[in-house]
Amino acid sequence: MTDSPVALITGGGSGIGAATARQLLKHGYRVTVTGRSEDRLHRFAAELGSPDGLLVMQGSAAEHEAVRTAVEMTVTTFGRLDVVVANAGYATFDDLTDGDPTGWHDMVLTNVLGPALLINAALPALRVSKGRIVLVGSVAGHIYTPGNIYGATKWAVTGIAENTRRMVTADGIGVTLVSPGATRTNFFDNAPGGLPDRDFLSADQLGKTIVWAIEQPSGVDINTVIVRPIGQPV
């Protein structure tokens, strides 16, 4: 057990992060999951039977001290760190014309600063393990949408992924950007009108994609994966 790999997932109490955590645990990983809602994290752990290989930690992905503490606690508890998944993020579902800048502030910090803080905190341990970094982006980070602030944050994640890859590839660290299309999760809980009438991926399908990238043979670096449901044209 002490030799089994270790992953840390931000925003992992529900949706894509939780699906990824479940699948990594089944693959023999030990997993730390962080999130803002302590109740949601504890419910998630209870659903899985609170296994010894799961550590849940409340904290914001956009707060430096919380992220650094999560990395340090993971290494202290499990003895190593092999994978980080920067998954935490959300959308305000507005635009430059009629949006609320207060909401943009928190969204930009979570979606853009969050991955940067995780990479910064995790790099020393990942250099030791020659591990992997996974950033959850979005199709919105590869196409343009009029006035879309959320899309702009995901364009930033696209840039962070490649800039990080160029920085760490000589250290033996892999970097993967996974950019989902429409995915059926609690992401749309605050969307005007609720869940859109369209084709969706499931969180489990995205979790399988992330685990597939993580489980590539040593020396193989999957860099950019765009995953859309069949039926989504853009």
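See the structure shown above.
Below, the structure is looked at part by part. Please read all numbers here as calculations on a predicted model, not as lab measurements.

**What to know about the pattern of salt bridges**
Where charged atoms from two side chains of opposite charge approach closely, those side chains can pair. Using the criterion set out here, one finds six salt bridges in the structure. Between aspartate 82 and arginine 80 there is a salt bridge whose closest N-O contact spans 2.8 Å. Between arginine 166 and glutamate 162 there is a salt bridge, with its nearest N and O atoms 2.7 Å apart. In this pair, arginine 166 and glutamate 162 both sit in helix 5 (residues 149–168), four residues apart, roughly one turn of the helix. Here glutamate 162 falls in the partly exposed class, since its relative accessible area comes to 28%.

**Focus on the packing of aromatic side chains**
Applying the stated criterion across every chain, the model contains one aromatic pair. Between tyrosine 144 and tryptophan 155, the ring centres sit 4.8 Å apart and the planes meet at 20°, which makes this aromatic pair stacked. Here tyrosine 144 is found in the loop between strand 5 (132–136) and helix 5, whereas its partner tryptophan 155 is found in helix 5, with eleven residues between them in sequence. Judged by relative accessible area, tryptophan 155 falls into the partly exposed class, the value being 32%.

**Overview of the sheet that holds strand 9 (residues 224–227)**
Read from one edge to the other, the open sheet built from seven strands follows the order 3-2-1-4-5-6-9, with strand pairing classed as parallel. Of all the strands in the sheet, just strand 3 (54–58) and strand 9 have a single pairing partner and so form its edges. Each strand of the sheet is rotated relative to its neighbour by a mean of 15°, with strand direction disregarded. Here strand 6 (residues 174–180) pairs with strand 9 via four bridges, running parallel.

**Things to note about the side chain of threonine 32**
Along the chain, threonine 32 turns up in strand 2 (residues 30–35). Once residues lying within four places of it in the same chain are set aside, the contact partners of threonine 32 are Ala7, Leu8, Ile9, Leu55, Met57, Thr74 and Phe78.

**Describing unusual backbone geometry**
For serine 50, which is not glycine, the phi torsion reads 45° and is therefore positive. Within the secondary structure layout, serine 50 lies in the loop between helix 2 (38–47) and strand 3. The phi dihedral of lysine 130 falls on the positive side, at around 50°, and the residue is not glycine. Within the secondary structure layout, lysine 130 lies in the loop between helix 4 (101–129) and strand 5. Residue class for lysine 130 comes out exposed when judged on its relative accessible area of 55%.

**Some words on helix 4**
An ideal rise of 1.5 Å per residue puts 42 Å on 29 residues; helix 4 measures up with 40 Å between its terminal C-alpha atoms. The largest bend in helix 4 comes to about 55°, at leucine 123, with the proline proline 124 one to four residues further on. Where helix 4 begins, the capping side chain belongs to aspartate 100, and its oxygen is found 3.0 Å from the backbone nitrogen of threonine 102. Of the residues trailing helix 4, lysine 130 is marked for its positive phi of about 50°.

**As for empty space enclosed by the protein**
On inspection of all chains with the given rule, the structure shows two cavities of 30 Å³ or more. Taken as a whole, the largest cavity spans an internal volume of roughly 50 Å³. Taken together, Leu8, Thr10, Thr34, Gly59, Ser60, Ala61, Ala66, Val67, Ala70 and Leu118 form the lining of the largest cavity. Here the element with the most residues in the lining of the largest cavity is helix 3 (residues 64–78); it accounts for three residues.

**Some details on the nonpolar core**
General note: in soluble globular proteins, nonpolar side chains tend to be found buried as a group. One finds Leu81, Val84, Ile133 and Leu135 to be the most contacted residues of the largest nonpolar core, which totals 28 residues. Looking at this core, the elements with two or more residues in it are strand 1 (6–9), strand 3, helix 3, strand 4 (83–86), helix 4, strand 5, helix 5 and strand 6. Broken down by element, the residue count for this core peaks at eight residues, all from helix 4. Membership of the second largest hydrophobic core comes to 26 residues, among which are Val85, Val136, Ile210 and Val225.

**Quick word on the packing of helix 4 against helix 5**
Between two packed helices, the angle of one axis relative to the other and the distance separating the axes together describe the packing. Where helix 4 contacts helix 5, the two axes come as close as 9 Å, and the packing angle between them is 10°. Taken together, the axes of helix 4 and helix 5 are roughly parallel relative to one another. The interaxial crossing formed by helix 4 with helix 5 has right-handed handedness. Across from Trp104, Met107, Val108, Asn111, Val112, Pro115, Ile119 and Leu123 in helix 4, the residues of helix 5 making contact are Ile149, Tyr150, Thr153, Lys154, Ala156, Val157, Ile160, Thr164, Met167 and Val168. Tallied by class, the residues present in the contact of helix 4 with helix 5 amount to 14 nonpolar, three polar and one charged.

Rules and cut-offs
- Residues numbered from 1 in each chain as written.
- Predicted model: local features only at pLDDT ≥ 70, side-chain atom pairs only at ≥ 80, totals over all residues.
- Heavy atoms only, no water.
- Salt bridge = Lys/Arg side-chain N within 4 Å of Asp/Glu carboxyl O.
- Helix = DSSP H or I, 4+ residues; strand = E, 2+ residues; numbered from the N terminus.
- Buried < 20%, exposed > 50% of the residue type's maximum accessible area, 1.4 Å probe, protein only.
- Phe/Tyr/Trp six-rings, centres within 6.5 Å; stacked < 30°, edge-to-face > 60°.
- Pairing = 2+ DSSP bridges.
- Axes fitted to C-alpha atoms, helices over the stretch in contact; angles between N-to-C directions.
- Contact = heavy atoms within 4.5 Å.
- Expected span 1.5 Å × (residues − 1).
- Bend = angle between axes of the 7 residues up to and from the residue.
- Polar contact = N/O pair within 3.5 Å; in protein donor to acceptor, adjacent residues only side chain to side chain.
- 1 Å grid on protein atoms, 1.4 Å probe; cavity = no way out; pocket = protein on both sides within 12 Å on 5 of 7 lines; lining within 4 Å.
- Points joined across faces, edges and corners; volume = space filled by probe spheres on them.
- Core = buried A, V, L, I, M, F, W, Y, C linked by side-chain atoms within 4.5 Å.
- Parallel < 35°, antiparallel > 145°, perpendicular 65-115°, else oblique.
- Left-handed = near helix turned anticlockwise from the far one by under 90°.
- Nonpolar A, V, L, I, M, F, W, Y, C, P; charged D, E, K, R; others polar.

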